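A structural walkthrough
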Amino acid sequence: MSVAASFSDRLGEALAARRHLCVGIDPHRGLLADWGLADDAAGAERMGREVVAAAAGVAACVKPQIAFFERFGSAGYAALERVLADARGAGVPVIADVKRGDIGTSFAAYAEAWLAPGSPLEADAMTVAAYQGFGSLAGACELVREHGKGLFVLAATSNPEAREVQRAQRSDGRSVARAMVDDALACVSPRDTHVSSVGVVLGATLRLEDFGIDTGLPPARPALPVLAPGFGHQGARIEDAREIFGGLGWALLANESRSLLGGGAEGLATRIRERSELVGEALASP
Ligand SMILES: O=C(O)c1cc(=O)[nH]c(=O)n1[C@@H]1O[C@H](COP(=O)(O)O)[C@@H](O)[C@H]1O
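Residues numbered from 1 in each chain as written. Predicted model: local features only at pLDDT ≥ 70, side-chain atom pairs only at ≥ 80, totals over all residues. Heavy atoms only, no water.

For any two helices packed against each other, the geometry comes down to the angle between their axes and how far apart the axes lie. Relative to each other, helix α3 (residues 41-55) and helix α12 (residues 268-284) sit at 50°, their axes nearing to 9 Å. In terms of their interaxial angle, α3 and α12 are classed as oblique. For the element pair α3 and α12, the recorded crossing hand is right-handed. Judged by residue contacts, E50, V51, A54 and A55 of α3 engage L268, A269 and I272 from α12. Of the residues contributing to the contact of α3 with α12, the split by class is six nonpolar, no polar and one charged. (Axes fitted to C-alpha atoms, helices over the stretch in contact; angles between N-to-C directions. Helix = DSSP H or I, 4+ residues; strand = E, 2+ residues; numbered from the N terminus. Parallel < 35°, antiparallel > 145°, perpendicular 65-115°, else oblique. Left-handed = near helix turned anticlockwise from the far one by under 90°. Contact = heavy atoms within 4.5 Å. Nonpolar A, V, L, I, M, F, W, Y, C, P; charged D, E, K, R; others polar.)

Shown next as structure tokens:
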């Protein structure tokens, strides 16, 4: 078992210091152009490393979106490995946004790639899809427990076209999204104290009640981490985080990507600091 601080402990520390911002690393072609960088693996690496440096000690974590590296093939993966190494060196927790899902044995191999200590792509947590059954995550949950890593299960995502599937009613009457939240809540590791190592993804652009998700409940113990994309470019306002997430806001990670990265490298550290303070204040207010 790894003796290093677990993802849930590090997240707990960040949240206690009111650091709720998750800075997305999404090297879109247009953003690379804004930064004066080439649309290639070296450009994506440069952006990623600058984001890590600017987020260190200010944001709760960073979230590289693998698609923007994968489009450059093996060079993109090598670039991402160096971004991840920088984050480890700077002590910045990383959620690898890989949205993996598969039958159990294949899924366990994905978890090994992204979460096993010493793997070239080692991150602290990864995004996963459990549409092949929550049980397909069992191998990953074991790895998470053994090595103090984290998972974020897609529940109600920010994109409007997901509504039909995620609001669909199961035979037990719950929505698919609600069942993902319940299953994540049940997946607590004995090692987790304040924050669970298995969280969910809930879009900030949604009315969660429409998905049968109750935001009026008191925080779970340990608290359920919620990765919340949809702020900034997709329209949700970070100032409204408390109103949107209610009791689910205690362990909220508010993600912004394009709205922070747009406008070039200049001023990035200031934008990150300001957004981080803003969301910290929004969630601290009663
Ligand atoms: O899992 C995610 O991160 C995710 C889930 C979701 O429901 N919606 C969503 O936008 N995302 C990701 O969050 C990021 C949002 O980027 P911006 O819209 O530029 O802030 C992208 O990397 C998306 O892939």
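After that view, the rundown keeps rolling.
Two numbers describe how α3 lies on helix α5 (residues 73-90): the axes approach to 9 Å, and their chain directions differ by 15°. In terms of orientation, α3 lies roughly parallel with respect to α5. Crossing hand, α3 versus α5: right-handed. Together, A41, E45, G48, R49 and V52 of α3 and A75, G76, A79, R82, V83, D86, A87 and A90 of α5 make up the contact between the two elements. Its residues placed into classes, the contact of α3 with α5 shows seven nonpolar, two polar and four charged.

Strand pairing in a sheet relies on backbone hydrogen bonds. The paired strands run either parallel or antiparallel. The eight strands lie next to each other as β2-β1-β8-β7-β6-β5-β4-β3, forming an open sheet whose pairing is parallel. Each edge of the open sheet is held by one strand with a lone partner, namely β2 (61-64) and β3 (95-100). Adjacent strand axes in the sheet meet at a mean angle of 30° when their direction is disregarded. Judged from the four bridges that link them, strand β1 (residues 21-25) and β2 form a sheet pairing that is parallel. Paired with G24 across the strands is K63, a residue of β2. Here helix α6 (residues 104-115) sits on the sheet in contact with β3, β4 (125-128) and β5 (150-156), set at roughly 145° to β4. (Pairing = 2+ DSSP bridges.)

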